[in-house]
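Okay, here's what each chain looks like letter by letter:
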Amino acid sequence: MIRIAIPNKGRLHDPTVNLLKEAGLPVLEGGTRKLFAKTTDPEITYLFARAADIPEYVQDGAADVGITGLDLINETESDVEVLLDLKFGGASLVLAVPEDSKISSSAELQGMRVATEFPNITAKYFKNLGVDIEVIKVSGACEMTPHVGIADAIVDISSSGTTLVTNHLKMIEKVFTSSVYLIANKKTKADNEKIEQIQTAVESVLRAKGKRYLMMNVPETELETVKKVLPGMAGPTVMKVESDDSILAVHAVVDASSIFATVGELKKAGAKDILVVPIERMMP
Ligand SMILES: Nc1ncnc2c1ncn2[C@@H]1O[C@H](COP(=O)(O)OP(=O)(O)OP(=O)(O)O)[C@@H](O)[C@H]1O
Ligand SMILES: O=P(O)(O)OC[C@H]1O[C@H](OP(=O)(O)OP(=O)(O)O)[C@H](O)[C@@H]1O
Ligand SMILES: [Mg+2]
């Protein structure tokens, strides 16, 4: 049996559940109050946990696989196998000071107090720079601390930057860049091939997100011109159209990011009836 720990609530819950569904491992009958849930594979169970606890659950074997933020994995210094960047939940840990402060770099904080929910990452950051500071550990509302005389600066999570601005703070340095990762218990990873199957399934969804499937009709005379526009992976696939000898059906996988330009070039090259279709999963 493989147990996968996923965030029970907070901002990481929904995107995690969506990704697992797309990977063919939907969370079945999972409510926010539940501790466990099943999926379509009878050998896999979901365990709902706080995002911050997941790295240690995976390290200790309470779960075999986990999905959580890289900042939380680093902060807890968990000894886990880091398998895959899931490319969501992106945020930075930033060093910030009050907007009217004269301090403009970490070096100027020598001997001062820095409040954070991430004391380990913060302590290491300043140690590496050779700057002595006092770390003040808080468990929330960190932005308030410089304004009430508890700290001179903070290291806090920022994504849109709105919270910093609202609280009259300015970022002076980026301390850590985070996103959500798939992790595994080191021992289970070595012993159980199911973990690799889970990784492959999730990876196939991420790969497909950046691609589109293109289908079009091409007059036979224009095929070579159209082919030049389609830098094929292993394609394009060219098929006969039964009702019309002079037309070929051409299929290809292309980068989603360049779809606008590609479709324009295909039209110019003589392609017709172009369809752009999303891909659910792609396995090499
Ligand atoms: N804007 C953000 N603010 C806070 N955490 C974020 C943000 N964007 C991504 N994350 C990531 O989410 C994880 C924290 O998730 P967690 O569930 O603990 O917090 P939350 O969603 O704010 O829930 P809570 O309501 O309990 O504070 C961290 O890995 C963090 O990097
Ligand atoms: O850059 P932003 O997009 O504004 O996001 C960053 C803010 O979001 C988080 O707080 P959250 O809303 O989770 O509240 P909390 O402090 O109670 O966890 C985090 O602690 C920051 O305060
Ligand atoms: Mg929060």
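The protein carries the name ATP phosphoribosyltransferase in an unreviewed UniProt entry, which gives Methanolobus vulcani as its organism. UniProt's Pathway (unreviewed entry) comment on the protein is quoted here verbatim: "Amino-acid biosynthesis; L-histidine biosynthesis; L-histidine from 5-phospho-alpha-D-ribose 1-diphosphate: step 1/9." UniProt lists a comment for the protein under the heading Subcellular location (unreviewed entry), and it reads "Cytoplasm".

### Thoughts on the packing of aromatic side chains
For the coordinates displayed, the defined rule picks out one aromatic pair. The interplanar angle of 90° and the centroid separation of 5.6 Å between the aromatic rings of Tyr125 and Phe126 together place this pair among those described as edge-to-face. For Tyr125, a relative accessible area of 18% gives the class buried.

### What to know about the site of ligand 2
All residues adjacent to ligand 2 are Arg11, Glu143, Asp156, Ile157, Ser158, Ser159, Ser160, Gly161, Thr162 and Thr163. In isolation ligand 2 has 500 Å² of accessible area, and contact with the protein removes 61% of it. Counting residues per element, the ones that place at least two in the shell around ligand 2 are strand 9 (153–158) and helix 5 (162–166). For the shell around ligand 2, the element with the most residues is strand 9, which contributes three residues. Of the residues contributing to the shell around ligand 2, the split by class is one nonpolar, six polar and three charged.

### Regarding unusual backbone geometry
Residues other than glycine seldom take positive phi values, yet Glu77 does so here, at roughly 50°. In this fold, Glu77 is placed in the loop between helix 3 (70–75) and strand 5 (81–85). Exposure remark for Glu77: the relative accessible area of 44% places this residue in the partly exposed category. Backbone geometry places Lys87, a non-glycine residue, at a positive phi of 60°. Among the secondary structure elements, Lys87 is positioned in the loop between strand 5 and strand 6 (91–98).

### What to know about the site of ligand 1
Residues in contact with ligand 1 amount to 15 residues; listed here are only the nearest, Arg11, Arg50, Gly69, Asp71 and Ser159. One nitrogen or oxygen atom from the side chain of Asp71 is found 2.5 Å from an oxygen atom belonging to ligand 1. Between ligand 1 and Ser159 there is a distance of 2.8 Å, counted from a nitrogen atom to a side-chain nitrogen or oxygen. Burial of ligand 1 by the protein chains amounts to 71% of its free accessible area of 610 Å². Here the residues of the shell around ligand 1 sort into five nonpolar, six polar and four charged. Inspection of the shell around ligand 1 shows a minimum of three residues originating in each of domain 1 (2–89 + 179–207) and domain 2 (91–178).

### Here we look at the pairing of strand 13 (residues 237–240)
Looking at chain direction, strand 13 and strand 14 (residues 247–255) are connected through four bridges and run antiparallel. Bridge assignment links Lys240 to a residue of strand 14, and that residue is Leu248.

### Some points on the UniProt feature "domain: ATP phosphoribosyltransferase catalytic" (unreviewed entry) in the protein
UniProt feature "domain: ATP phosphoribosyltransferase catalytic" (unreviewed entry): in the numbering of this structure it lies at residues 50–203. What you have in residues 50–203 is 29% helix and 31% strand, and the ends, taken at the C-alpha atoms, are 24 Å apart.

### Digging into the pattern of salt bridges
Taken as a whole, this structure holds 10 salt bridges when the rule is applied. Ionic pairing is found between Lys87 and Asp85, a salt bridge with its closest N-O pair at 3.8 Å. For Asp191, the salt bridge goes to Lys187, with nearest N and O atoms at 3.2 Å. A residue pair is termed a helical-turn pair when its members lie 3 or 4 positions apart in one helix, as Asp191 and Lys187 do in helix 6 (residues 186–191) at four residues. Each member of the pair, Asp191 as well as Lys187, is classed as exposed. A network of salt bridges, in which partner residues are shared, links Asp41, Glu43 and Lys194.

### Considering the sheet that holds strand 11 (residues 180–184)
Read from one edge to the other, the open sheet built from six strands follows the order 2-3-1-4-11-5, with strand pairing classed as mixed. At either margin of the open sheet sits one strand with a lone partner, and together these are strand 2 (36–38) and strand 5. Each strand axis lies, on average, 30° off the axis of its neighbour in the sheet, ignoring direction. Relative to strand 4 (residues 65–69), strand 1 (residues 2–7) runs parallel, the two being bridged by two bridges. Looking at strand 4, one finds that Ala5 is bridged to Gly66. Set on the sheet, helix 1 (residues 13–22) makes contact with strand 1, strand 3 (44–49) and strand 4; between it and strand 1 the angle comes to about 140°. Of the strands in this sheet, strand 1, strand 3, strand 4, strand 5 and strand 11 are in contact with helix 7 (residues 194–209), which crosses strand 5 at around 20°.

### Here's the deal with the environment of Ser204
Position of Ser204 among the secondary structure elements: in helix 7. Taking relative accessible area as the criterion, Ser204 reaches 0% and is therefore assigned buried. Taking the C-alpha atoms as reference points, Ser204 and Asn120, 84 residues apart in sequence, are found 34 Å from one another. The residues contacting Ser204, other than those within four sequence positions of it, are Glu280, Arg281, Met282 and Met283.

How each quantity is defined
Residues numbered from 1 in each chain as written. Chains lettered and ligands numbered in written order. Predicted model: local features only at pLDDT ≥ 70, side-chain atom pairs only at ≥ 80, totals over all residues. Heavy atoms only, no water. UniProt positions renumbered as here; feature names shortened; annotations may be inferred. Phe/Tyr/Trp six-rings, centres within 6.5 Å; stacked < 30°, edge-to-face > 60°. Buried < 20%, exposed > 50% of the residue type's maximum accessible area, 1.4 Å probe, protein only. Near = heavy atom within 4 Å. Areas by Shrake-Rupley, 256 points an atom, 1.4 Å probe, with all protein chains shown as cover. Helix = DSSP H or I, 4+ residues; strand = E, 2+ residues; numbered from the N terminus. Nonpolar A, V, L, I, M, F, W, Y, C, P; charged D, E, K, R; others polar. Polar contact = N/O pair within 3.5 Å; in protein donor to acceptor, adjacent residues only side chain to side chain. Domains from an automatic or database assignment. Pairing = 2+ DSSP bridges. Salt bridge = Lys/Arg side-chain N within 4 Å of Asp/Glu carboxyl O. Axes fitted to C-alpha atoms, helices over the stretch in contact; angles between N-to-C directions. Contact = heavy atoms within 4.5 Å.

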